[in-house]
Amino acid sequence: VWRAFGGNDVPPWRFVIMGCGTDYLLSHAEAPSIQSPLLLPSLHIMGKLDGILNASKSLARRYHEPIELIHSGGHAMPITLQDGSIENSKLLKRIEDFVRSCGNYR
């Protein structure tokens, strides 16, 4: 995407976080628009009950050493991450740890 809008080989961001992301458009392209594996640190948040979970896992495989977090829901991000539930607290902590590990974030 970055290159499609005139960007060079080095994107301006340090990491990506995918919430229920898929490689749907990439898998339907006539020619691959990206070369795997992408070397950007990546966090992929997926729902265990998501009907297109395999497409999310396929996207994660396009990155070098992707981190996958699986929540108990479907194809939607838990919007109440700070509701105090044990599952959401753990998910939020893992997201915070990932962002901090990418550097220069408090």
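Going by the structure above, here's the rest.
Residues numbered from 1 in each chain as written. Predicted model: local features only at pLDDT ≥ 70, side-chain atom pairs only at ≥ 80, totals over all residues. Heavy atoms only, no water.

J.: I'd love a proper account of the overall build of the protein, names of residues and values included.
T.: Within the protein one finds 3 helices and 3 strands. Listing every helix and strand of the protein by position from the N terminus yields β-α-β-α-β-α. Burial statistics for the protein: of 106 residues in total, 31% are counted as buried. A sequence separation of at least 24 residues applies to 66% of the contacts in the protein between residues at least 6 apart. As displayed, the protein has an accessible area near 7,400 Å², and 57% of this comes from carbon and sulfur atoms. (Helix = DSSP H or I, 4+ residues; strand = E, 2+ residues; numbered from the N terminus. Buried < 20%, exposed > 50% of the residue type's maximum accessible area, 1.4 Å probe, protein only. Contact = heavy atoms within 4.5 Å. Areas by Shrake-Rupley, 256 points an atom, 1.4 Å probe, with all protein chains shown as cover.)

J.: Provide a residue-level description of the packing of aromatic side chains, including the pertinent values.
T.: One pass over the structure, following the stated rule, counts 1 aromatic pair. Between F15 and F98 the ring centres are 5.6 Å apart and the planes differ by 90 degrees, which places this aromatic pair in the edge-to-face class. Of the two residues, F15 sits in the segment before β1 (16-19) while F98 sits in helix α3 (residues 86-101), which places them 83 residues apart along the sequence. F98 gets classed as buried once you look at its relative accessible area, which sits at 5%. (Phe/Tyr/Trp six-rings, centres within 6.5 Å; stacked < 30°, edge-to-face > 60°.)

J.: Describe α3, with residues and values.
T.: With 16 residues, α3 extends 22 Å from end C-alpha to end C-alpha; this agrees with the ideal 22 Å at 1.5 Å per step. Among the residues of α3, those classed as buried are N88, L91, L92, I95 and F98. Within α3, the buried residues cover an arc of 120 degrees as seen down the axis, which keeps them to one side. Seen from the open side of α3, the exposed residues pointing more than 90 degrees away from its buried face are I86, K90 and S101. Count one or two residues on from α3 and you reach G103, which has phi positive near 90 degrees. (Expected span 1.5 Å × (residues − 1). Arc of directions from axis to C-beta.)

J.: Can you lay out the pairing of strand β2 (residues 42-47) for me, pointing to particular residues and giving the numbers?
T.: Most of β2 sits out of view: 6 of its 6 residues are buried. The two faces of β2 match: S42, H44 and M46 on one face and L43, I45 and G47 on the other face are all buried. In terms of strand pairing, β1 meets β2 through 4 bridges, oriented parallel. Along β2, the bridge assignment pairs M18 with H44. Where β2 lies against strand β3 (residues 67-71), 5 bridges are found, and the strand directions are parallel. (Pairing = 2+ DSSP bridges.)

J.: Give me the lowdown on the nonpolar core, citing residues and values where you can.
T.: Formed by F15, L43, I45, L69, L91, I95, F98 and C102, the largest nonpolar core amounts to 8 residues. Mapped onto this core, the elements with two or more residues apiece are β2 and α3. It is α3 that contributes the most residues to this core, 3 residues altogether. Counting residues in each nonpolar core, the second largest holds 5 residues, with V16, M18, L59 and Y63 among its members. (Core = buried A, V, L, I, M, F, W, Y, C linked by side-chain atoms within 4.5 Å.)

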